[in-house]
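# Coordinate inspection notes
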Amino acid sequence: MAVGLLKDGINEVIATTASNAAPIGIHLRDGGYRAVLFLGSHTRQNVERDGWLVANIIHDPVIYVRTAFSDLPADAFVREDIGGMEMYRLEGAEAWAGFSARIRRRTTGSVVAELTLLEEFTADPQVLPVNRGFNSIIDATVHATRYRLFHDPGLTDLIEYHAGIVRKCGGVRELEALDLLMSYLS
Ligand SMILES: Cc1cc2nc3c(=O)[nH]c(=O)nc-3n(C[C@H](O)[C@H](O)[C@H](O)COP(=O)(O)O)c2cc1C
């Protein structure tokens, strides 16, 4: 099993590709890394064109919501030279891992990219207590990005459920992230 920054299972990171950032799940199974990228995303376009992706670990819930629905300014990205490639990570990332990427499989709606870990770095090894409000921002944002695509009314119930947990358990930053999320949905 691979020992590194990312853990077995699906790691919900902020993926940077070119000058784009978006929440993406990086799968780690049996020592192999991969990402399933929806065809309509800039992340998929950039990975297919440039062959790299950086997984950024960051615990700011506002960044998850913002990058799911809009863009970050140019000064939010920091250049790193990794494996002979010019890659960009997030300014303020607590840790990051740079991968080369190859498209291995295509379906009607997505591609599967196989990722090869080239370099990783931990800038800020903090201990983070579990906060259900933070976790629910992540879940609500996943549902919200799907709602934007499919308009399934069942998803709004799920978003409201998670919004309730954010209101009960979240801190100031989670509440700010929730307001931002709701503004994208209205
Ligand atoms: C926690 C989380 C995980 C996500 N995982 C993925 C994923 O694995 N693959 C994907 O294509 N989109 C995923 N999304 C949705 C994308 O972030 C969303 O479609 C985003 O708008 C894509 O931005 P882009 O066009 O800048 O790449 C996820 C969203 C969230 C909130």
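Please read these numbers as outputs of a predicted model, since none were measured by experiment.

This structure, assessed with the given rule, holds 4 aromatic pairs. Judged by centre distance (6.0 Å) and plane angle (35 degrees), the ring pair of Trp96 and Phe121 falls under tilted. With Trp96 in strand E7 (residues 95-106) and Phe121 in strand E8 (residues 110-122), this pair connects stretches of sequence that are 25 residues apart. Of the residues examined, Trp96 reaches a relative accessible area of 3% and is grouped as buried.

Moving on, we come to the pattern of salt bridges. Once their charged atoms are close, side chains differing in charge can pair, the charge on each being opposite to the other. Scanning the model with the defined rule gives 10 salt bridges in all. Where Arg173 meets Asp60, a salt bridge forms, and the shortest distance between an N and an O atom there is 2.9 Å. With Arg173 in helix H5 (residues 172-185) and Asp60 in the loop between strand E4 (52-57) and helix H2 (61-69), the pair connects residues that are 113 residues apart, well separated along the chain. Overall, Arg173 belongs to the partly exposed group, its relative accessible area being 35%. Here Glu86 and Arg79 are joined by a salt bridge, their closest N and O atoms 3.4 Å apart. Residue Glu86 is classed as partly exposed on the basis of its relative accessible area, which comes to 38%. Judged by relative accessible area, which is 46%, Arg79 ranks as partly exposed.

Reading the values: rules and limits
Residues numbered from 1 in each chain as written. Predicted model: local features only at pLDDT ≥ 70, side-chain atom pairs only at ≥ 80, totals over all residues. Heavy atoms only, no water. Phe/Tyr/Trp six-rings, centres within 6.5 Å; stacked < 30°, edge-to-face > 60°. Helix = DSSP H or I, 4+ residues; strand = E, 2+ residues; numbered from the N terminus. Buried < 20%, exposed > 50% of the residue type's maximum accessible area, 1.4 Å probe, protein only. Salt bridge = Lys/Arg side-chain N within 4 Å of Asp/Glu carboxyl O.

Just distances and angles here, no functional claims.
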